[in-house]
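In case you want the letters, here they are:
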Protein chains: 2
Amino acid sequence: MNETIELLMNHRSIRKFKQENLTDEQIKTIIQAGQSASTSSYYQAYTVIGITDEKLKQQLREVSGQEYVEHNGHLFVFCADLNRMYQSQDQTTQEKMKDNIENTEFFIMATIDATLAAQNAAVASESLGLGICYLGSLRNDINRVNELLNLPQYVIPLFGMAVGVPDEEPDVKPRFDFNAIYHENGYQDHTKYVEQFNETTEHYYEDRSFNTKIDNWSKQVERKLSKPMRMDVTDFVKQKGLNNR
Amino acid sequence: MNETIELLMNHRSIRKFKQENLTDEQIKTIIQAGQSASTSSYYQAYTVIGITDEKLKQQLREVSGQEYVEHNGHLFVFCADLNRMYQSQDQTTQEKMKDNIENTEFFIMATIDATLAAQNAAVASESLGLGICYLGSLRNDINRVNELLNLPQYVIPLFGMAVGVPDEEPDVKPRFDFNAIYHENGYQDHTKYVEQFNETTEHYYEDRSFNTKIDNWSKQVERKLSKPMRMDVTDFVKQKGLNNR
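Notes on the structure follow. Small disclaimer: the values here were computed from a predicted structure and weren't measured. (Residues numbered from 1 in each chain as written. Chains lettered and ligands numbered in written order. Predicted model: local features only at pLDDT ≥ 70, side-chain atom pairs only at ≥ 80, totals over all residues. Heavy atoms only, no water.)

**Topic: a negative patch on the surface**
Residues and elements named next belong to chain A.
For step 1, the next point in the chain: On the surface, E195, E199, E202, E206 and D207 cluster together to form a negatively charged patch.
For step 2, the next point in the chain: Examined against the element boundaries, D207 turns out to sit in helix α10 (residues 191–207).
For step 3, the next point in the chain: When its relative accessible area of 58% is taken as the criterion, D207 is described as exposed. (Patch = residues over 30% accessible without salt bridge, like charges linked within 9 Å, V, L, I, M, F, W, Y side chains within 5 Å. Areas by Shrake-Rupley, 256 points an atom, 1.4 Å probe, with all protein chains shown as cover. Salt bridge = Lys/Arg side-chain N within 4 Å of Asp/Glu carboxyl O. Lys, Arg positive; Asp, Glu negative; His and termini not counted. Charge placed at Lys NZ, Arg CZ, Asp CG, Glu CD. Helix = DSSP H or I, 4+ residues; strand = E, 2+ residues; numbered from the N terminus. Buried < 20%, exposed > 50% of the residue type's maximum accessible area, 1.4 Å probe, protein only.)

**Quick notes on the pairing of strand β3 (residues 131–135) of chain A**
All names here are of chain A.
For step 1, the next point in the chain: Among the 5 residues of β3, 5 are classified as buried, and the element is accordingly described as predominantly covered.
For step 2, the next point in the chain: As paired strands, β3 and strand β4 (residues 155–164) are joined by 5 bridges and run antiparallel to one another. Across the sheet, Y134 pairs through a bridge with M161, a residue of β4. (Pairing = 2+ DSSP bridges.)

**Considerations on the relation of the copies chain A and chain B**
For step 1, the next point in the chain: Rotating chain A by 180° and moving it 0.0 Å along the rotation axis overlays it on chain B with an RMSD of 0.0 Å. Both copies of the chain, as the preceding transformation shows, are related through a two-fold rotation axis.
For step 2, the next point in the chain: Taken as a fraction of all interface residues of chain A, those also at the interface in chain B reach 100%, which identifies the copy contact as same-surface. (Least-squares fit on C-alpha atoms with pLDDT ≥ 70 in both. Contact = heavy atoms within 4.5 Å.)

**Let's talk about the sheet that holds strand β4 (residues 155–164) of chain B**
For step 1, the next point in the chain: Spatially, 5 strands are ordered β5(A)-β1(B)-β2(B)-β4(B)-β3(B) in an open sheet, and the strand pairing comes out mixed. The open sheet has two edge strands, β5 (182–184) of chain A together with β3 (131–135) of chain B, and neither has a second partner. Strand-to-strand twist in this sheet, taken as the mean axis angle between neighbours without regard to direction, amounts to 25°.
For step 2, the next point in the chain: The sheet contact formed by strand β2 (residues 74–81) of chain B and β4(B) spans 8 bridges and is antiparallel. Its bridge partner being in β4(B), C79(B) is matched across the sheet by P157(B). (Axes fitted to C-alpha atoms, helices over the stretch in contact; angles between N-to-C directions.)

**Here we look at the sheet that holds β3(A)**
For step 1, the next point in the chain: Ordered by their spatial adjacency, 5 strands build an open sheet running β3(A)-β4(A)-β2(A)-β1(A)-β5(B), and the pairing between neighbours is mixed. Edge strands, defined here as strands with exactly one partner in the open sheet, are β3 of chain A together with β5 (182–184) of chain B. Sheet twist, expressed as the average angle between the axes of neighbouring strands with direction ignored, equals 25°.
For step 2, the next point in the chain: Pairing geometry for strand β1 (residues 46–51) of chain A and strand β2 (residues 74–81) of chain A, over 6 bridges, is antiparallel. Bridge assignment links Y46(A) to a residue of β2(A), and that residue is A80(A).
For step 3, the next point in the chain: This element, helix α8 (residues 142–149) of chain A, spans β1, β2 and β4 of chain A of the sheet and lies at about 80° to β4(A).

**Comments concerning the interface of chain A and chain B**
Quite often, the size of an interface is put as the accessible area lost when its parts meet.
For step 1, the next point in the chain: Each side of the interface is counted separately: chain A has 112 residues, and chain B has 112 residues.
For step 2, the next point in the chain: Interface area, chain A with chain B, both sides summed: about 9800 Å², of which 60% is carbon and sulfur.
For step 3, the next point in the chain: Summed over the shared surface of chain A and chain B, the number is 4 salt bridges.
For step 4, the next point in the chain: For the salt bridge of R139(A) with E105(B), the shortest nitrogen-to-oxygen distance reads 2.7 Å.
For step 5, the next point in the chain: At the surface where chain A touches chain B, the tally comes to 61 residue pairs in polar contact (both at pLDDT 80 or more).
For step 6, the next point in the chain: Residues belonging to the side of chain A that touches chain B are distributed by class as follows: 55 nonpolar, 39 polar and 18 charged.
For step 7, the next point in the chain: Across 3 bridges, the pairing between β1(A) and β5(B) is parallel. Among the inter-strand pairings, V48(A) is bridged to a residue of β5(B), identified as Y182(B). (Buried area = accessible area lost by both parts, 1.4 Å probe. Polar contact = N/O pair within 3.5 Å; in protein donor to acceptor, adjacent residues only side chain to side chain. Nonpolar A, V, L, I, M, F, W, Y, C, P; charged D, E, K, R; others polar.)

**A few points about unusual backbone geometry**
All names here are of chain B.
For step 1, the next point in the chain: The backbone of S41 sits at a positive phi, close to 45°, despite the residue not being glycine.
For step 2, the next point in the chain: Tracing the backbone shows S41 in the loop between α2 (24–35) and β1 (46–51).
For step 3, the next point in the chain: Residue classification places S41 among the partly exposed residues on the basis of a relative accessible area of 38%.
For step 4, the next point in the chain: Residues other than glycine seldom take positive phi values, yet N243 does so here, at roughly 55°.
For step 5, the next point in the chain: On the secondary structure map, N243 appears in the segment after α12 (233–239).
For step 6, the next point in the chain: A relative accessible area of 2% means that N243 is categorised as buried.

**Description of the packing of aromatic side chains**
For step 1, the next point in the chain: By the definition in use, this model includes 24 aromatic pairs over all chains.
For step 2, the next point in the chain: Ring plane angle 25° and centroid distance 4.1 Å describe the contact between F176(B) and F197(B), whose orientation is recorded as stacked. Here F176(B), found in the loop between β4 and α9 (178–181), pairs with F197(B), found in helix α10 (residues 191–207); they are 21 residues apart in sequence, far enough to count as distant. Neither F176(B) nor F197(B) differs from the other in exposure class; each is buried.
For step 3, the next point in the chain: Put simply, the rings of F76(A), F78(A), Y134(A), F159(A), F178(B) and Y182(B) pair up and form one aromatic cluster.
For step 4, the next point in the chain: Positioned over the ring face of F210(A) is R208(A), at 4.6 Å from the centre of the ring. (Phe/Tyr/Trp six-rings, centres within 6.5 Å; stacked < 30°, edge-to-face > 60°. Lys NZ or Arg CZ within 6 Å of the ring centre and 35° of its normal.)

These values are about where atoms sit, not about what they do.
Right, here's the structure in full:
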């Protein structure tokens, strides 16, 4: 196992950071490492908004409901961005492009592009001794985030990422068995792996070093998904012009 | 710059591989590094199909039209998977979950989950001295890929990844300026950065070590997006039960 793989395997989300801002150099390195990731057809269909304004950070924290959205070394918001491509063309070409830009294929593509960059940024951050936490919670009120960040047509805020010097050392959380995630030559039934993973997570929650509880993966899925959540995301995305053809 | 960041910055897609299969140990390490990435609410909403069957590889190559989909050290297909979560519950809960599983929010979430894992897998591969190429081209005929891999309801093949020992050494391709991708506290106009990047890419295509040409980024975008492409993806995703509420 080399140094990089060890780093990847050692990932855990950090939700408590020291009061120490990232330097401009760190921010640049992290984003440029992100930009080095693969990108569909060279489009680079994403934009990252860094939040330095204290009031704005507080407002985004209100959307997420998470303390660490406000208190961290730096806050990034990763956006799928098809606007840059659209704006790069004259009006005649723009009209021709709409069939693509507004369909599901390009929405998938831009979401993938933004996420590839984000994960490289996460890995780069961790290699610098920093901790990270992804913030899907910004989609709790995606319209509000859109408004706060002044995002134009064809740009969607997908998730945030809090980065900073860790002020906690949580355990690495177990994952599904390799054989549950990886199948050969076709899809296979997952039943036995789900049962196995429920046992794994029961032990994990019972034994971990903080906040022990009686729980397992299936129970979590049941609790989370039994109530409709973020039902406004569908219309929001369509209103921004994406995923609507 | 540490070793990991150097590795990330040095990424280039590899499209020609030596005839040398990945070992089972390499495959396991790559996938487990992928699994270590962050995952929304611990869902791990993805499955990876590894292709070892020669005929199947050839059929997937026909979908993509790319030689390196058939000839590589290993071929992975990354799928957004909400089926595992759905199947983990009894019928009463399943009914309650449908409002979530079938909406755009969960489609975004599963796409992000699969992509986070994929990028970790890419980084792990490269740290082992292997090269990788993402294959969005499998969406050229997403229905066919679905059929070939026997994917159930709520599972979408997002992209492939060819991995192997590099048999070429392409240049690192330039990216947009840091200031084009990274904005502070809100979205900014990209016009000048697009002009700048068009110049950068003109020089790059003129000067690179193979296949020189006269081209730039905006021209590529125009050529690619002026004709409708992969228009069947929208209906496919809906038919699989996702992104339809």
